[in-house]
Amino acid sequence: MTTSSSERGVSLGMPELPAPAYPDDVRARLETDAREIIARYPDSRSALLPLLHLVQAEEGHVTRTGMQFCADVLELTTAEVTAVATFYTMYRRKPSGDYQVGVCTNTLCAVMGGDAIFTELQEHLGVGNGETTDDGKVTLEHIECNAACDFAPVVMVNWEFFDNQTPATAKRLVDDLRAGRPVEPTRGAPLCTFKETARILAGFPDERPGAVEATGGAGPASLVGLRLARGETASARVVHPREGASQDRDGAPQDRGAHEPSPSEHLSSHDAPQDTSASDPAHPAGPTAEEGE
């Protein structure tokens, strides 16, 4: 008995049909936005990256239709556009959730608990890397680096920071996202959907009241080196996350409880306590040096 090539899943190399066009009203709207983006650059080809964010904002991922649109307005081939869209991981190639939850699993975050967070989130959500929950709310992925090693382990939601995570706080975070409960990042603007984030990345203003002012800057731990360079020294404290005790520079115990973050530290309600450096209680990391050490 023989089987056909289609039954065996073998492609005969037939050319793919052209991508369907956007509806006329959608294309007209996108063309208006595209002209504004292209006008920012002396060479129109330089507008490709923000244009890919623009079409991603339309459908939640970069479709063949979106790539064809970019090629048309920039007078490029679809091969040139596809080469860029497939190179950068911020461009999604398949439908994604409203919230892109990225767990840093690079070296420092991994040893501080990032691997454990990612494993537990996969089990908790019932999805694998790059997969989306059935309700379309959350897409989970591991990220090589979130550029926030001083707050490890770090989770990002639509590129906003959630610092000092544990498996428990990360699971509560995704549960709140799926349930539509308020979620506040540690640093940065209030959360918006992935489509809204993509439009902002395309270079259009975030028009939500107070969103721009809330973006802020680096967190306190990131600024220690800058403060030291300016001669702004601070007394060092060593915090024992398990016992809640601390020592002065000479090792003498101080009568103080666990570190209470100041308002300037702007902790999210979904962050783990900032005086903890271990996500796994069975493997405590020991004392951690606070700001200024």
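In case you missed it, the structure is sitting above this.
Computed from a predicted model, the values in this text were never measured in an experiment.

Draft legend 1. Broad picture of the overall build of the chain. A count of helices and strands for the chain gives eight helices and nine strands. Here the chain holds 293 residues, and 40% of them are scored as buried. The long-range share in the chain, meaning contacts at least 24 apart out of those at least 6 apart in sequence, stands at 64%. Counting only carbon and sulfur atoms, one obtains 54% of the accessible surface of the chain, whose full area is about 15900 Å².

Draft legend 2. Quick peek at helix H1 (residues 24–38). An ideal rise of 1.5 Å per residue puts 21 Å on 15 residues; H1 measures up with 20 Å between its terminal C-alpha atoms. Listed as buried for H1 are Val 26, Leu 30, Asp 33, Ala 34, Ile 37 and Ile 38. Angular distribution of buried residues about the axis of H1 spans 135°; they occupy a single face of the element. Exposed side chains of H1 directed beyond 90 degrees from the buried face belong to Asp 24, Asp 25 and Arg 35. Buried residues along H1 sit in contact with helix H2 (48–59), helix H3 (64–74) and helix H7 (194–201).

Draft legend 3. Main features of the pattern of salt bridges. Evaluated as defined, the whole model comprises twelve salt bridges. The partner of Arg 29 in a salt bridge is Glu 58, and the shortest N-O contact between them spans 2.9 Å. Separated by 29 residues along the polypeptide, Arg 29 in helix H1 and Glu 58 in helix H2 bring together distant segments of the chain. Of the charged contacts, one joins Arg 187 and Asp 163 as a salt bridge, the two residues approaching to 2.9 Å between their closest N and O atoms. Taken together, the positions of Arg 187 in the loop between helix H6 (167–179) and H7 and Asp 163 in the loop between strand S5 (160–162) and H6 put the pair 24 residues apart, joining distant regions of the chain. Among the residues examined, Arg 187 registers a relative accessible area of 12% and is labelled buried. In the salt-bridge network here, residues are joined through shared partners; they are Arg 27, Glu 31 and Asp 72.

Calculation criteria
- Residues numbered from 1 in each chain as written.
- Predicted model: local features only at pLDDT ≥ 70, side-chain atom pairs only at ≥ 80, totals over all residues.
- Heavy atoms only, no water.
- Helix = DSSP H or I, 4+ residues; strand = E, 2+ residues; numbered from the N terminus.
- Buried < 20%, exposed > 50% of the residue type's maximum accessible area, 1.4 Å probe, protein only.
- Contact = heavy atoms within 4.5 Å.
- Areas by Shrake-Rupley, 256 points an atom, 1.4 Å probe, with all protein chains shown as cover.
- Expected span 1.5 Å × (residues − 1).
- Arc of directions from axis to C-beta.
- Salt bridge = Lys/Arg side-chain N within 4 Å of Asp/Glu carboxyl O.

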